[in-house]
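# Structural overview for review
In case you want the letters, here they are:
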Amino acid sequence: MPPQLKTLIPLFAIFITLFLVARYFLVPVSFGDQGHYRFYSVEENKEKVMQYAGKDACTECHDDKAEELSSGMHANLSCESCHGAGMIHYENPETTNIVKPDERVFCGLCHSFNPTRKDKIAQINLDEHNIDNKCIECHNPHNPWE
Amino acid sequence: MGISNKEQSRRRFIKSAAVAAGGLLATSLINPFNAVLFAMDKPEDPTKPWWGYAIDISKCIGCGRCANACKTENNVPREPFYFRTWIEQYTILNDGTVKVESPNGGMDGFKQPVAEEDIFKSFFVPKMCNHCSKSPCVQVCPVGATYETPDGVVLVDETYCIGCRYCVQACPYGCRYIHPEKNVVDKCTLCYHRISKGKTTACIEVCPTQARILGDLNDKNGPLVKFLKEHNCLVLKPHLNTGSKLYYNELSQEVG
C-alpha cells in the first residue's frame, strides 16, 4: 500500500461519514419517496380545511328552498354562490355567518348591462332600472320570474 | 494520386444533401404535435385519476364569484394582486386593438368602457394554474418544494419553500404569487383538499353558469373527456410545450 493512502483513507472516511450524518439530519422524512419532493406534503395539502359545503349539504335542511330554486331560472345556481361559504354553518347550524346579499350591485355582478355578456344572461342597466328599489323587492332570487 | 479538391467538395455536397433529404423525410413521418392530447397521454398509472380542467369561455359571464370563492376557500389575501384564479375581460375593437382588463381580478364585476358599436368581439377569460404535466415551475425549484403529484396536480410544500421566487418567474401563465405573510409561494391547488375527498373545487361549486369543468383525464367516459371530445378546445401557449391540462373552449388567439 502506498504510504499516502494511510493518511488519505481515514480522511476520506471522516468526510464521507460527516456527509452522511449531515444528510441524515438535513433531508426531511419522506423526501424522494415519489420524486424530488417531500411526499408527506401531499397529505398535508389534503388536510386543509374546507369552507364550501356544497349544494347537497344545504339541501339536507333547507329542502324547501332548494325545491323553490330548482323550479326557476336560478335552478343551476349553488346556494353558496350568493350566500357565501357554508361549511361552518353546516357543521354547527347555530352559527349565523350565512350572508343574504340584497344590494343592487350584488345582483348586478351578473345582471348589470355589459356587451361582453350580451345574449348570455338577462341584463338591465343598474343606473336606469327602478333605481330607488332593491332588486329583491320585485324579483324573488330563489325564483326570479315569479 | 489523391482525389482532387473539386472532387472532395462535390462529395461533401452530395453527402450533406443526402443527410438533409433524409432528415426531411424522417421528420415528415413524425406525427404532428397536438397540445391537447399531449398532456392527456402522460399518466403513468392509469388506475389513479389524472386531474384536468376545462373552462368554457362561451359560458363565462364575468361575475367573479369563482375568484371570490377561491379566496374564501384557500385563505388568499383579500387585497388585490393576490389571486389563485381571476378573470380577464378581452375586448377586440373594430380597428383591431386588443384591450385586456381585470379590475381586482374581476371580483367586483366588470364594466365595459368601450361603446357597443366599436366592439368587434369581447369575452371573459378565467385564468388559473394550468397544472402542467411538464411544469416549468417545478423544473426550476432549487429545493424540491413544488412538485407534480402522481395524480397530476401541481402543489407547493409550504414548509420547505424558501421563497426564492424562481417559480414565479418561470410560470408562463402568471399563476403564482408570494404570500405576503407566509413569505412562501402560493398557487392554485385545484382544491386538492376537496377533490381528494370527492368534492368539487370551490370555483366550480359557485360558478352560476357551469363554465368550469373538473375531471379525470383517465376516465375516458368522464365529463372532462366528453367535454374535450364535443368542443374545440385549446390550451394556452401550446408552443411552450408545458403539457397544460387546463383546456379552453372557444379560445381566441388574442389570449396570451
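How each quantity is defined
Residues numbered from 1 in each chain as written. Chains lettered and ligands numbered in written order. Predicted model: local features only at pLDDT ≥ 70, side-chain atom pairs only at ≥ 80, totals over all residues. Helix = DSSP H or I, 4+ residues; strand = E, 2+ residues; numbered from the N terminus. Rg over C-alpha atoms; globule rule 2.2 N^0.38 Å. Buried ≥ 20, exposed ≤ 12 C-beta atoms within 10 Å, placed from the backbone. Contact = placed C-beta atoms within 7 Å. Pairing = 2+ DSSP bridges. Axes fitted to C-alpha atoms, helices over the stretch in contact; angles between N-to-C directions. pLDDT = per-residue confidence, 0-100. Nonpolar A, V, L, I, M, F, W, Y, C, P; charged D, E, K, R; others polar. Expected span 1.5 Å × (residues − 1).

### Section: the overall build of chain A
For chain A, the helix and strand inventory stands at 8 helices and 0 strands. Mapped from its N terminus to its C terminus, chain A presents α and β elements in the order α-α-α-α-α-α-α-α. What you see for chain A is a C-alpha radius of gyration of 31 Å, clearly larger than the 15 Å of a compact globule of 146 residues, by over 25%. In chain A, which comprises 146 residues, the share counted as buried stands at 21%.

### Description of the overall build of chain B
Counting secondary structure elements, chain B contains 8 helices and 11 strands. Along the first, second and third principal axes, the C-alpha set of chain B runs to 85 × 50 × 40 Å. Across the 256 residues of chain B, 41% fall into the buried class. Long-range contacts, defined here as pairs at least 24 residues apart, represent 63% of the contacts in chain B between residues at least 6 apart.

### Some thoughts on the sheet that holds strand S3 (residues 98-101) of chain B
Across a sheet, strands are paired by hydrogen bonds formed along the backbone, either parallel or antiparallel in direction. Residue and element names in this part refer to chain B. Ordered by their spatial adjacency, 3 strands build an open sheet running S3-S2-S4, and the pairing between neighbours is antiparallel. The sheet is open, and its two borders are formed by S3 and strand S4 (119-128), each paired with just one other strand. Averaged over all pairs of adjacent strands, the angle between their axes in this sheet comes to 20°, without regard to strand direction. Pairing geometry for strand S2 (residues 85-93) and S4, over 9 bridges, is antiparallel. Pairing of Gln89 across the sheet is with Phe124, part of S4.

### Observations regarding the confidence of the model for chain B
Close inspection of predicted coordinates is inappropriate in any region flagged by low pLDDT. A residue-level look at chain B finds 98% of positions with pLDDT of 70 or above and a mean pLDDT of 92. Complex prediction metrics read pTM 0.87 and ipTM 0.88.

### Regarding the interface of chain B and chain A
How big an interface is tends to be stated in terms of accessible area lost as the parts join. Listed per partner, the contact involves 36 residues of chain B and 32 residues of chain A. Sorting the residues of the side of chain B that touches chain A by element identifies helix H3 (65-74), S4, helix H6 (192-195) and helix H7 (202-206) of chain B as the ones contributing at least two each. Considering only residue class, the side of chain B that touches chain A consists of 15 nonpolar, 13 polar and 8 charged.

### Quick notes on helix H1 (residues 5-29) of chain B
Under the 1.5 Å per step criterion, the end-to-end length of H1 of chain B is 37 Å for 25 residues, consistent within 8% with the ideal 36 Å. In terms of burial, H1 of chain B is a largely surface element, 0 of the 25 residues being buried.

### Points about the environment of Ala53 of chain A
Residues and elements named next belong to chain A. Inspection of the secondary structure puts Ala53 in the loop between helix H2 (40-46) and helix H3 (55-61). You can call Ala53 buried: it has 21 C-beta atoms within 10 Å. Taking the C-alpha atoms as reference points, Ala53 and Met87, 34 residues apart in sequence, are found 4.6 Å from one another. The contacts of Ala53, once residues within four sequence positions are left out, are Cys58, Gly86, Met87 and Tyr90.

### Observations regarding the sheet that holds strand S9 (residues 212-216) of chain B
Residue and element names in this part refer to chain B. Read from one edge to the other, the open sheet built from 4 strands follows the order S9-S1-S11-S10, with strand pairing classed as mixed. Each of the sheet's edge strands pairs with one partner strand only, and the pair in question is S9 and strand S10 (233-234). Lying over the sheet, helix H8 (residues 223-230) contacts strand S1 (51-56), S9, S10 and strand S11 (246-249), oriented at roughly 115° with respect to S9.

### Some points on the environment of Ala66 of chain A
All names here are of chain A. By the element assignment, Ala66 lies in helix H4 (residues 63-70). Using a count of 17 C-beta atoms within 10 Å as the deciding quantity, one classes Ala66 as partly exposed. The spacing of Ala66 and Asp56 is 10 residues in sequence and 9.3 Å in space, taken between C-alpha atoms. Apart from the residues lying within four places of it in its own chain, the contact partners of Ala66 are Cys58 and Thr59.

### A few points about the environment of Asp102 of chain A
Residue and element names in this part refer to chain A. Relative to the helices and strands, Asp102 is located in the loop between helix H6 (87-91) and helix H7 (104-111). Once the C-alpha coordinates of Asp102 and Met1 are considered, the two residues, 101 residues apart in sequence, prove to be 90 Å apart. Leaving out residues up to four positions away in the same chain, Asp102 has contacts with Lys134 and Ile136.

### Notes on H7 of chain A
Among the residues of H7 of chain A, Cys107, Gly108, Leu109, Cys110 and His111 of chain A are the ones counted as buried. Next to the buried residues of H7 of chain A lie helix H8 (135-138) of chain A.

### Describing the pairing of S11 of chain B
Residue and element names in this part refer to chain B. The pairing of S1 with S11 spans 4 bridges and is classified as parallel. Bridging across to S11, Tyr53 finds its partner in Leu246. Here S10 runs beside S11; their pairing, made up of 2 bridges, is antiparallel. Among the inter-strand pairings, Leu234 is bridged to a residue of S11, identified as Tyr248.

### Considerations on unusual backbone geometry
Trans peptide bonds make up most of the peptide bonds, and negative phi angles are found at most residues other than glycine. Residue and element names in this part refer to chain B. A positive phi angle, near 60°, is found at Asn241, a position not held by glycine. Of note, Asn241 is situated in the loop between S10 and S11. Asn241 gets classed as partly exposed once you count the C-beta atoms within 10 Å, which come to 13. Non-glycine residue Glu250 carries a positive phi angle of around 60°. Assignment of secondary structure puts Glu250 in the segment after S11. Given 16 C-beta atoms within 10 Å, Glu250 falls into the partly exposed group.

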